Every structure is written in C-alpha cells, then in structure tokens.
Amino acid sequence: MPETCGICGETVPFDATVHAMFHTHSETGVIDVYVCQDCYDERLGPMFERADTQEQSP
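Residues numbered from 1 in each chain as written. Predicted model: local features only at pLDDT ≥ 70, side-chain atom pairs only at ≥ 80, totals over all residues. Heavy atoms only, no water.

Engineer: Looking at this structure, I do not really get unusual backbone geometry. What am I missing?
Structural biologist: Trans is the prevailing form of peptide bonds, just as negative phi is the prevailing case for residues other than glycine. In the Ramachandran plot, His25 falls in the positive-phi region, its phi being about 55 degrees despite a non-glycine side chain. Topologically, His25 is positioned in the loop between strand S3 (17–23) and strand S4 (30–36). (Helix = DSSP H or I, 4+ residues; strand = E, 2+ residues; numbered from the N terminus.)

Right under this line is the structure:
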C-alpha cells in the first residue's frame, strides 16, 4: 500500500516511509504523517542527531 510523503508529496511504498508525529502545542494539535526515507534522511533525521549531541554535552 503506498503512502504520500508529508514533506515532498511523493507517493512511495509503505515500507519506504518513516512515521512522524509532532505535538505542536497549538490549535493545530498533533501532526501525524508518513515521510519518505529521503526526506527523513535529509530534513528530519539531522534534527534528532543534533538533539542527541546537545543532551550529551555538559
């Protein structure tokens, strides 16, 4: 079953997606999307790598 990437809009196979859920703390509420692996690797993944590095810093 294909999914549409919540970032680039490309339709990709489900097994080539990453599930992303963001709580916006606003009227928008929770954003629940699937993103393609390329968009995750290029746009979302690096944010979490920085967060991991910041948590480990004294």
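On we go.
Engineer: Got a minute to help me understand a negative patch on the surface in this structure?
Structural biologist: A surface patch of negative charge is lined by Glu10, Asp38, Asp41, Glu42 and Glu49. Structurally, the position occupied by Glu49 is in helix H1 (residues 37–56). (Patch = residues over 30% accessible without salt bridge, like charges linked within 9 Å, V, L, I, M, F, W, Y side chains within 5 Å. Areas by Shrake-Rupley, 256 points an atom, 1.4 Å probe, with all protein chains shown as cover. Salt bridge = Lys/Arg side-chain N within 4 Å of Asp/Glu carboxyl O. Lys, Arg positive; Asp, Glu negative; His and termini not counted. Charge placed at Lys NZ, Arg CZ, Asp CG, Glu CD.)

Engineer: Mind showing me how you'd approach the side chain of Glu3 here?
Structural biologist: By the secondary structure assignment, Glu3 is in strand S1 (residues 2–4). There is no salt bridge for the buried Glu3, and the closest opposite charge comes from Arg43, which lies 17 Å off by N-O distance. Residues within four places of Glu3 in sequence aside, it is in contact with Glu10, Thr11, Val12, Phe14, Thr17 and Tyr34. (Buried < 20%, exposed > 50% of the residue type's maximum accessible area, 1.4 Å probe, protein only. Contact = heavy atoms within 4.5 Å.)

Engineer: How do you make sense of the state of the cysteines when you look at a structure like this?
Structural biologist: As used here, a disulfide is simply a covalent bond connecting the sulfur atoms of two cysteines. One pass over the full model with this rule turns up zero disulfides. Looking at the unpaired Cys5, the closest cysteine sulfur is the one in Cys8, lying at 3.7 Å. Judged by its relative accessible area of 42%, Cys8 falls in the partly exposed class. (Disulfide = S-S within 2.5 Å.)

Engineer: Would you mind going over the packing of aromatic side chains with me for this structure?
Structural biologist: Two aromatic rings, taken as a pair, are described by how far apart their centres are and by the angle between their planes. Tallied over the full model, the rule gives one aromatic pair. Considering the side-chain rings of Phe14 and Tyr34, the 5.4 Å spacing of their centres and the 65 degrees angle between planes classify their relative orientation as edge-to-face. Here Phe14, found in the loop between strand S2 (11–13) and S3, pairs with Tyr34, found in strand S4; they are 20 residues apart in sequence, far enough to count as distant. Note on Tyr34: relative accessible area 27%, which makes it partly exposed. (Phe/Tyr/Trp six-rings, centres within 6.5 Å; stacked < 30°, edge-to-face > 60°.)

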